[in-house]
Amino acid sequence: MYKQKFEYFLNAVHYCMWLFERKSQDIINRNVLLIISPIPKYLLTNKLKERFYRYQKQRMTELDKFFNDKKSGYNIGWANHWFGFFYSSYTGIIILSLLGLILRKFGDINTIIFILIIVIPITLWYIPAYKAVFTKDRYLQYFRQFEKENKYWHKRWKRKTTAFIVGGIVANILGIIVAFSIAMN
């Protein structure tokens with residue numbers, strides 16, 4: 001039961017991050033088109049305008065596939081990146097506290113030990129999320145399910161995703177504060 005709720009939560013957060021990336025990319029595309037649109041309108045002949053608009057329509061379908069493909073699109077890549085970043089940032093308190101303790105005890109840290117202190121907790125923390133979201137492309141099944149949800153569901157999960165992101169940022173800030181307070185005392 002807990003595993004299913006955990007998996008649902010992570011996939012819903014990942015889905016909302018993907019929606020945000022799509023929306024951001026759409027805004028960027030519209031602004032670029034707004035800037036470019038006067039060029040063919042005022043500088044090209046009718047024959048060239050027709051060719052340009054035909055080519056533009058073809059390119060827009062290709063760009064839409066490039067950006068919005070759920071398996072290998074640009075936006076899903078960024079959503080995966082940000083999901084992993086914010087999920088892993090919850091280990092910030094542990095990692096930075098551990099670094100503060102080691103700095104206080106030994107004064108200086110070997111580079112290899114420093115890297116291990118960062119990499120091992122993040123890796124151990126990220127394994128369950130990877131299994132819940134990315135193994136066998138589970139997120140695609142959840143995406144299909146989430147697309148059928150109503151407007152209220154989307155609004156509620158956007159707020160939860162925002163809280164998840166803010167929580168990750170706060171965890172890192174608290175980790176820095178704890179690390180400095182441990183190291184300086």
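Residues numbered from 1 in each chain as written. Predicted model: local features only at pLDDT ≥ 70, side-chain atom pairs only at ≥ 80, totals over all residues. Heavy atoms only, no water.

(A) Here's a closer look at the pattern of salt bridges. Scanning all chains against the criterion turns up six salt bridges. Of the charged contacts, one joins arginine 138 and glutamate 7 as a salt bridge, the two residues approaching to 3.8 Å between their closest N and O atoms. Of this pair, arginine 138 sits in helix H7 (residues 138-147) while glutamate 7 sits in helix H1 (residues 2-36), and the two are 131 residues apart along the sequence. Judged by relative accessible area, arginine 138 falls into the partly exposed class, the value being 25%. Glutamate 50 serves as the salt-bridge partner of arginine 54, at 4.0 Å between the closest nitrogen and oxygen. In this pair, arginine 54 and glutamate 50 both sit in helix H3 (residues 46-68), four residues apart, roughly one turn of the helix. (Salt bridge = Lys/Arg side-chain N within 4 Å of Asp/Glu carboxyl O. Helix = DSSP H or I, 4+ residues; strand = E, 2+ residues; numbered from the N terminus. Buried < 20%, exposed > 50% of the residue type's maximum accessible area, 1.4 Å probe, protein only.)

(B) Representation of the environment of isoleucine 94 in the model. If you trace the backbone, isoleucine 94 turns up in helix H5 (residues 92-106). The class of isoleucine 94 is exposed, set by a relative accessible area of 52%. Sequence-wise, isoleucine 94 and proline 121 are 27 residues apart; in three dimensions their C-alpha atoms are separated by 8.0 Å.

(C) Local environment of the nonpolar core. Core analysis: the largest hydrophobic core is formed by 24 residues, its most contacted members being Leu10, Met17, Phe83, Val133 and Tyr139. For this core, the secondary-structure elements that each account for two or more residues are H1, helix H4 (74-88), helix H6 (111-133), H7 and helix H8 (151-184). Counting residues per element, this core draws most heavily on H1, which supplies seven residues. When neighbours within four sequence positions are excluded, valine 133 is seen to be in contact with Leu10, Asn11, His14, Phe83, Arg138 and Tyr139. (Core = buried A, V, L, I, M, F, W, Y, C linked by side-chain atoms within 4.5 Å. Contact = heavy atoms within 4.5 Å.)

(D) Looking closely at the packing of aromatic side chains. Under the criterion given, the structure shown has 32 aromatic pairs. Between phenylalanine 9 and phenylalanine 164 the ring centres are 5.9 Å apart and the planes differ by 70 degrees, which places this aromatic pair in the edge-to-face class. With phenylalanine 9 in helix H1 and phenylalanine 164 in helix H8, the pair connects residues that are 155 residues apart, well separated along the chain. The exposure class assigned to phenylalanine 164 is buried, which follows from its relative accessible area of 6%. Relative to tryptophan 18, the ring of tyrosine 15 has its centre 6.0 Å away and its plane inclined at 40 degrees; by these criteria the two rings are tilted. Pair noted here: tyrosine 15 and tryptophan 18 are both in helix H1, with a separation of three residues, about one helical turn. Side by side, tyrosine 15 and tryptophan 18 carry an identical accessibility label, which is buried. The positively charged end of lysine 160 is found above the aromatic ring belonging to tryptophan 157, 4.3 Å away from the centroid. (Phe/Tyr/Trp six-rings, centres within 6.5 Å; stacked < 30°, edge-to-face > 60°. Lys NZ or Arg CZ within 6 Å of the ring centre and 35° of its normal.)

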